[in-house]
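Reading the structure
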Amino acid sequence: MDKRYDVIVVGAGHAGIEAAMASARMGCQTLMLTLNLDHIGQMSCNPAIGGIGKGHLVKEIDALGGEMARAIDETGIQFRILNTKKGPAVRASRAQADKALYRQRMKRVLENCENLTLRQASVERLLVENGRVEGVETQIGERFYGQRTILTTGTFLKGLIHVGDKNYSAGRAGDFAAQGLSDSLRELGFKIGRLKTGTCPRLDGRTIDFSKTQPQKGDDPPQPFSFSTERIIQKQVPCYITYTNSRTHEVIRSSLHRSPMYSGTIKSRGPRYCPSIEDKIVRFADKGRHQIFLEPEGADTVEIYPNGLSTSLPLDVQIEMVRSIEGLERAEIMRPGYAIEYDYAEPTQLYPSLETKLVKRLYHAGQINGTTGYEEAAAQGIMAGINAVLSIRGEEPLIFSRDQAYIGVLIDDLVTKGTDGEPYRMFTSRAEYRLLLREDNADLRLTEIGHRVGLATLEAYVRTQNKKTRVGELVELLERSVVSPTEAANARLEALDSAPLRGATSLAQLLRRPEVSAPDLAGFSSTLEATPAAIALQAEVEIKYHGYIQRQLEGVQRSKNLEALRLPEDIDYAVVSGLSREAREKLSRIRPRSLGQASRIAGLTPVAISLLSIYLKKRKLA
């Protein structure tokens, strides 16, 4: 085509959306190419956003100026905060989406985004000259040229769907696969692997007896994802819980030989933490039942997503399995469940900016990097979009450390450790500094950075600065406000099952008691009574967890000392005395940026890190 773009984004899933919008909002002429313009933002699997670890990513995307949180706030039909009885580090937001509205809303926002052009096309080949990508070529021979290209291909690279012993080419049910692009990558020298994921059958809600299930309502009032959303206004709906049973398990066991996972048809590995129902029955043979969440796919559809029943069994077995479950005895399947295999590129072939090492100006984001989940994809997408633009500007890439953001943990894990042959999923347990990386402070951590690179708005920046100021003022107020041991004060504390006061005590000291929360102290302070919940929560965490936070900050400083020891890009690991052959191979392949990143490479021993440190000191590089 005659027009030359700044950034080309291939794919319009969750990674593609964030990449394209980040690029366009930062002022670059951006082209988004997708196989089907009507399937922008499609939720191919469960109709939900967030969850443990995943909700943290969505909050961080929002803090940077991304779109996912606002989209779910406008289209969510049930919101819940998970782990409310646990500490603030692991509390996480999750929301059911009206998937049709979510898709329509994302398409509308993209179509109205300045600097963004949408085209329907199947990209089959990269145009590469002198080791750098110049553009892409489509199935029908169209060529599009751009300064930077971002691949966000999802499960579409040679996607193959399996239902029992039947299989067919597709990127997901109802969409064609991209056949040539992974061959193009392989020809360029990329290591291409194969992964598997799957989805559940969709059920007709009119054929379900919900009286036999347990209703699960959302939070009242629902708490928004986005820091810019004041409240959720759309009607909320319940989900329902039921369970598999011994009959269900027998149906599955007797049909395992017909499952492509167990017959040998599927050889690639699926996500360990989101297994198929066949996998659950085999791996947890001692469990008598497994929980199934019946999740509405929208407010205006009868389709129900039975979360927990992902399967690739033949359709006749799926029907028998579903109907063995209480409440689903007469359930009709509207769409069968299936497994899908697809190509991905090993993520250790990326720099932390998500630019590929083999081809300059080419970025990968989402499932092409071996991840699973909408949220993980979107987080990579926004970073690829930001870094593509910064590269065009001639600026340094934005790379988050592991103590700055879950996004930093995600990308560092991918480029340093790879996927280990199975799809990568984010959990709070992957973050060693998770008390610093809470959902509630994502804006305080990242909005200023998002504004600096030109993505987060001035309004968001001002709102965040005001929040920071108000939290600081409230912490000071609580530290200096003193409560005397009056009869009324002790009566309030008794109602909270808290020990009575024996002398004058500050509100901050009371707040450090495990059983006391900021709202509980409202009666002691008119200022606290009028303080917004988000400000009070932030102040409470700072006071209650001050000691733990300080210890994590000390750990961060120790880690930064290692991160500061940079490894030269052209270092020849063959001349580093004492390194094992395995260590040399891994270091040469991953080429870590620092001694800190090298220390996180799987299988690299402390001895190897010590030898690298000695090498740097001898050459006066440390």
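Residues numbered from 1 in each chain as written. Predicted model: local features only at pLDDT ≥ 70, side-chain atom pairs only at ≥ 80, totals over all residues. Heavy atoms only, no water.

Here we come to empty space enclosed by the protein. Enumeration over the complete set of coordinates arrives at 1 cavity of 30 Å³ or more. Size it by volume and the largest cavity reaches roughly 40 Å³. For the largest cavity, the full set of lining residues is L350, Y351, P352, K357, V415, I590, R591, R593 and Q597. In terms of residue class, the lining of the largest cavity is made up of 5 nonpolar, 1 polar and 3 charged. Counting contributing residues per domain, the lining of the largest cavity is built from domain 1 (3-195 + 342-452) and domain 4 (565-621), each supplying no fewer than three. (1 Å grid on protein atoms, 1.4 Å probe; cavity = no way out; pocket = protein on both sides within 12 Å on 5 of 7 lines; lining within 4 Å. Points joined across faces, edges and corners; volume = space filled by probe spheres on them. Nonpolar A, V, L, I, M, F, W, Y, C, P; charged D, E, K, R; others polar. Domains from an automatic or database assignment.)

Following the criterion strictly, the structure yields 2 aromatic pairs and no others. Ring geometry for F210 against Y240: centres 4.5 Å apart, planes inclined by 40°, an arrangement best described as tilted. With F210 in the loop between β13 (202-204) and β14 (214-216) and Y240 in strand β15 (residues 239-243), the pair connects residues that are 30 residues apart, well separated along the chain. Ring centres of Y545 and Y548 lie 6.3 Å apart, and the angle between their planes is 50°; on these two criteria the pair is classed as tilted. (Phe/Tyr/Trp six-rings, centres within 6.5 Å; stacked < 30°, edge-to-face > 60°. Helix = DSSP H or I, 4+ residues; strand = E, 2+ residues; numbered from the N terminus.)

A few words now on the pattern of salt bridges. Under the criterion given, the structure shown has 40 salt bridges. Its salt-bridge partner being R4, residue E134 comes within 3.2 Å of it at the nearest N-O pair. A residue pair is termed long-range when its members are at least 10 positions apart, and E134 in strand β8 (residues 132-138) and R4 in strand β1 (residues 4-10) qualify at 130 residues. The exposure class of R4 is partly exposed, given its relative accessible area of 42%. Two residues, R512 and E479, come together in a salt bridge whose shortest N-O distance is 3.0 Å. Of the two residues, R512 is situated in the loop between α15 (507-511) and α16 (526-529) and E479 in helix α13 (residues 458-480); the sequence distance between them amounts to 33 residues. Here the salt bridges share partners, and the residues they tie into one network are R402, D412, D413, K417, E432, E563 and R600. (Salt bridge = Lys/Arg side-chain N within 4 Å of Asp/Glu carboxyl O. Buried < 20%, exposed > 50% of the residue type's maximum accessible area, 1.4 Å probe, protein only.)

Moving on: the layout of surface pockets. The space that makes up the second largest pocket amounts to roughly 1,600 Å³. Lining the second largest pocket are 47 residues, and of these Q223, A533, A534, I535 and L537 sit closest to its centre. For the lining of the second largest pocket, the elements supplying multiple residues, two or more each, are β5 (92-97), α13, α16 and α17 (533-544). Ranked by residue count, the leading element in the lining of the second largest pocket is α17, at 9 residues.

This part covers the nonpolar core. Membership of the largest hydrophobic core comes to 79 residues, with the highest contact counts inside it found for I49, M383, I386, F400 and I407. Counting residues per element, this core draws most heavily on helix α10 (residues 374-393), which supplies 11 residues. Per-domain counts for this core show at least three residues from each of domain 1 (3-195 + 342-452) and domain 2 (202-340). For I49, the residues in contact, after removing those within four places along its chain, are M43, V58, M68, I72, S93, R94, A95, Y102, F225, Y374 and E375. (Core = buried A, V, L, I, M, F, W, Y, C linked by side-chain atoms within 4.5 Å. Contact = heavy atoms within 4.5 Å.)

Secondary-structure assignment places K280 in helix α8 (residues 277-283). For the buried K280, which has no salt bridge, the nearest side chain bearing the opposite charge is E278, at an N-O separation of 9.3 Å. Here the side chain of K280 touches G308 through a polar contact of 3.2 Å, landing on its backbone oxygen. Look past the residues within four positions of K280 in its chain and what remains in contact with it is P275, A285, H290 and G308. (Lys, Arg positive; Asp, Glu negative; His and termini not counted. Polar contact = N/O pair within 3.5 Å; in protein donor to acceptor, adjacent residues only side chain to side chain.)

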